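# Coordinate analysis (summary)
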Amino acid sequence: MKRADQSTLEWLRKLDYRIVILLGILLYYAVYWGSFKNFTASIDHNNSTFPDFATFYYPAGEAILQNETLPDSFYYSVFAAILFLPFAFFPPAIALILWGIVQFSFIFILFLTYAQKLPKKPDIGYVLTFIFFTNAALLNNLKWGQVSTLIFWGTFTAFLFYEQNKQTLSAIVLGIVIAVKFFPAIFLLYFFFRRDWKYLFVCLFVVLLCVLVIPAMVIGPSETIQSQLMISEHATAMMRALAMDNIDSQYFASVITRIMYMPITSQFTKILIIAGYLIAASAVYLVYRISEAQIEYSAFWAWGILSATIPFWIPSAWPHYFVYLPFLQVLAYCHISNINLRWRKPAIVLWIFSLTFSSIFITHIVQNWFRYVGFGSLFWSSIFILTVILIILLPNLAKRNTQSCSENFSPSP
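Just so you know, these numbers come straight off a predicted model, no measurement behind them. (Residues numbered from 1 in each chain as written. Predicted model: local features only at pLDDT ≥ 70, side-chain atom pairs only at ≥ 80, totals over all residues. Heavy atoms only, no water.)

For the rest of this paragraph, the subject is the overall build of the protein. Helices and strands together make up the secondary structure of the protein, namely 22 helices and 0 strands. For a compact globule of 413 residues, the expected C-alpha radius of gyration is about 22 Å, and the protein comes in at 23 Å, within 12% of that figure. If one aligns the C-alpha atoms of the protein with their principal axes, the spans along those axes are about 75 × 65 × 50 Å. Taken over 413 residues, the protein has a buried fraction of 51%. A separation threshold of at least 6 residues defines the contact pool for the protein, and within that pool the share at least 24 residues apart is 73%. On the protein, roughly 20,000 Å² of surface is accessible, and the fraction owed to carbon and sulfur atoms is 67%. Across the protein, the centroid of the 25 positively charged side chains sits 13 Å from that of the 18 negatively charged ones. (Helix = DSSP H or I, 4+ residues; strand = E, 2+ residues; numbered from the N terminus. Rg over C-alpha atoms; globule rule 2.2 N^0.38 Å. Buried < 20%, exposed > 50% of the residue type's maximum accessible area, 1.4 Å probe, protein only. Contact = heavy atoms within 4.5 Å. Areas by Shrake-Rupley, 256 points an atom, 1.4 Å probe, with all protein chains shown as cover. Lys, Arg positive; Asp, Glu negative; His and termini not counted. Charge placed at Lys NZ, Arg CZ, Asp CG, Glu CD.)

Structure (structure tokens):
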């Protein structure tokens, strides 16, 4: 009997409780939704499986395969359409299954990549597992069959490679990601502030190669330019007509005007747009300070802050863009105990708010996805965690700045 008890205790010691937490979350989802169809029906509009893949991505790959014009609703690059080409070799039903495999694979790859850069402590692993797999943005990405997990995995991996002194590989990865969906170009600012000109050259070379040369080899030079111009035109029209006034948008100006019941065409909206740009510029300045100070985790604080600028300058800041939140929330959790006592309690409260507003459980409590996104819950979650990051980083940056000034003005030996 004692041997049996000892073996049970040994088994419990070796058990990875992250798996237990994940299984518990999946069991909850299975009980709450009952089926994948019910899950897709409860998250946002459109009850079909992976609707963005079925409506936009697959037809884009099919258009490349059949040498036809890209669909009007395809807003990515021609290079991105080429990446979807392999799926067009299969019937739509099979392609949908393959895309499902890609979706679930990248969810776990992103989770493991985030975990790689966090301290290897059991409690941090448990917190990351719970926060990551209950993140509303992640589940929104899964429902639509979107590419945000892939995009943010690519940008994060580029920073990870850079920290591992694999600068060329990092630049290639970031260049490919930018070529797929242009907004990740904002992450180049960190390397600009680091004055890594070689990195910027390699990255921009890869972007041009992917955006112009590869498509020209596949569909022809003139067709590439025409298609890319057409995509840009359609994307601009979508921003004006659809994104700004869409209840799903977590864009700063859209969220505030919704809450205040103001028309999106009002003069106040223009003021909010300018204010959003100014807030984004302030965040970029903070990244500059971080790159100069080279504090611990500097590259990943910079990655997170640049990610958090998205709702201030991209009108189509859809919920699935916020898959960066779990890493930032857990990274902040790792550093909250180091905050000055005066600021620690406010930081903990803000961290809890950020966690709450980004959780899928809130949508279950309010029983309405549009009430959840209409309030801008993911936007506020991002604001709260950005404020916590400021509380964590500003004293360190001020200390570094004081030390730097002392060194500059110290007498020569």
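Let us now look at the environment of Leu242. Inspection of the secondary structure puts Leu242 in helix H13 (residues 221–243). Classification of Leu242 as partly exposed rests on a relative accessible area of 41%. Distance in space between the C-alpha atoms of Leu242 and Ser316 is 8.3 Å, their sequence separation being 74 residues.

Bringing the environment of Ser48 into the picture now. Within the secondary structure, Ser48 sits in the loop between helix H3 (36–42) and helix H4 (51–65). Residues Ser48 and Trp144, 96 residues apart in the sequence, show an inter-C-alpha distance of 8.7 Å. One polar contact links Ser48 to Asn46, side chain to side chain, over a distance of 2.5 Å. (Polar contact = N/O pair within 3.5 Å; in protein donor to acceptor, adjacent residues only side chain to side chain.)

What follows concerns helix H2 (residues 17–33). The end-to-end C-alpha distance of H2 is 24 Å, a good match for the 24 Å that 17 residues give at a rise of 1.5 Å each. Considered for burial, the residues of H2 that qualify are Leu22, Ile25, Tyr29 and Trp33. The buried side chains of H2 occupy one side of the element, clustering within an arc of 60° when seen end-on. Exposed residues pointing more than 90 degrees away from the buried face of H2 are listed as Leu23, Leu27 and Val31. Tucked into the core, H2 has its buried residues touching H3, helix H6 (92–116), helix H7 (122–133), helix H8 (136–144) and helix H20 (360–366). Positive backbone phi, at 85°, marks Gly34, one or two positions downstream of H2. (Expected span 1.5 Å × (residues − 1). Arc of directions from axis to C-beta.)

Now for the packing of helix H18 (residues 325–335) against helix H19 (residues 341–357). Between H18 and H19, the shortest axis-to-axis distance is 11 Å and the interhelical angle comes to 155°. Compared by their axis directions, H18 and H19 come out roughly antiparallel. Handedness of the H18/H19 crossing: left-handed. Here H18 contributes Gln329, Ala332 and Tyr333 to the contact with H19, which in turn contributes Trp351, Ser354 and Leu355. Looking at the contact of H18 with H19, its residues break down into 4 nonpolar, 2 polar and no charged. (Axes fitted to C-alpha atoms, helices over the stretch in contact; angles between N-to-C directions. Parallel < 35°, antiparallel > 145°, perpendicular 65-115°, else oblique. Left-handed = near helix turned anticlockwise from the far one by under 90°. Nonpolar A, V, L, I, M, F, W, Y, C, P; charged D, E, K, R; others polar.)

Distances and angles like these do not, on their own, reveal function.
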